[in-house]
Amino acid sequence: MSDNFSDLSVVIVTYKTDLNILEKCLSSIDPSIKVFIIENSSKFINENQILNNYKNVSIFCTGTNLGYAKGNNYGLKIINTNYALILNPDIVCESNYFKNIKDYLSNNIDFCIIGSQYLDNQIYKPAGFFNSNFNLNDAIKLKDYNLYEVDWVVGCSILLNLKKFKTKTVFDENFFLFFEEFDLCKKLKTNKEKVYSSSNLIVDHSGFKSSTLVKNEIDLIKLRNWHFMWSYFYYHKKNDGYFYALRNILSRLVRSFLKFVFFTIFFNNKKRVKYLYRLLGLYNSILGKESSFRIKN
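Residues numbered from 1 in each chain as written. Predicted model: local features only at pLDDT ≥ 70, side-chain atom pairs only at ≥ 80, totals over all residues. Heavy atoms only, no water.

(A) Representation of the side chain of Asp172 within the structure. With respect to the helices and strands, Asp172 occurs in the loop between β11 (157-161) and α5 (180-190). For Asp172, a relative accessible area of 14% translates into the label buried. Separated by 2.7 Å, the side chains of Asp172 and Tyr234 make a polar contact. In contact with Asp172, not counting residues within four places along its chain, are Ala69, Asp183, Tyr234 and Lys238. (Helix = DSSP H or I, 4+ residues; strand = E, 2+ residues; numbered from the N terminus. Buried < 20%, exposed > 50% of the residue type's maximum accessible area, 1.4 Å probe, protein only. Polar contact = N/O pair within 3.5 Å; in protein donor to acceptor, adjacent residues only side chain to side chain. Contact = heavy atoms within 4.5 Å.)

Here you go:
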């Protein structure tokens, strides 16, 4: 691996992302690394400002909102390096982040994915196991590199070894939002590939700020809950079978319906909308319909 990161590219999928959030992300990336912004629309509004201030950045517009999986696949097909770092635009990399990546790449570590960990304790875990009885304390550790072998890592910041993949269609494009990285990690672990979480790769993650286009709180509730439940059922259907997924989802389906009725009766509109759209996402996924729900602007 050369000093100028010639074999590493960064892929950032955006969708009308706030300029300040995106610039914080770009400023935390080593300027010698090529960065490919994949804008999930027909026009990147701040193109001139970004290209003038960040000479290592290229911008590509997909023409439509492809979502996380398809948007990242779009970017991976453009790059020509053996390694790719996928970053959400609301990520800020800690100061030694790229020095530590260089150490991993220079030492020819056998991996498919290396995930990052959070600067601060957050609600969501950065990595884990499909067996819920395990935690990071149970992980096999490569002591010299602070790498922990895990089953899955979160998708906000992941390093991919593209030499391990037969094609650059890395993510299942049926997913629009949520569970894409779990599905990918599940496939890799089934194939006995290495998935690691690194305590040397630290990021500050703002959380669900990759797009500011959905500004209405109710619309955001609709989007998140519809896609979470659609993807949850689809993930289990794909990896565990339809009837397992149906049995697994039954209690969630009943709870969502009862809570929808309860909050409708007591005029709590936010909660009513939340559980209505959970039901709608589940309904569409159970029937095998595609992940098509979008917020109209």
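(B) View of helix α7 (residues 242-265). Between its terminal C-alpha atoms α7 stretches 33 Å, which fits the 34 Å expected from 24 residues at 1.5 Å a residue. At Ile249, α7 shows its largest kink, close to 40 degrees. Among the residues of α7, those classed as buried are Ala245, Ile249, Ser256 and Phe263. The inward-facing, buried residues of α7 abut α6 (217-240) and α8 (269-286). Of the residues flanking the end of α7, it is Phe267, one or two places downstream, whose phi is positive at about 55 degrees. (Expected span 1.5 Å × (residues − 1). Bend = angle between axes of the 7 residues up to and from the residue.)

(C) Summary view of the pattern of salt bridges. Overall, the coordinates contain nine salt bridges when judged by the stated rule. Residue Asp172 is joined to Lys238 by a salt bridge in which the shortest nitrogen-to-oxygen separation is 2.8 Å. Of this pair, Asp172 sits in the loop between β11 and α5 while Lys238 sits in helix α6, placing them 66 residues apart in sequence. Residue Lys238 is classed as partly exposed on the basis of its relative accessible area of 41%. Among the ionic pairs, Asp219 bridges to Lys222, the shortest N-O distance being 4.0 Å. In this pair, Asp219 and Lys222 are both assigned in helix α6, three residues apart and thus about one turn of the helix distant. The network of salt bridges with common partners includes Asp110, Lys164 and Glu193. (Salt bridge = Lys/Arg side-chain N within 4 Å of Asp/Glu carboxyl O.)

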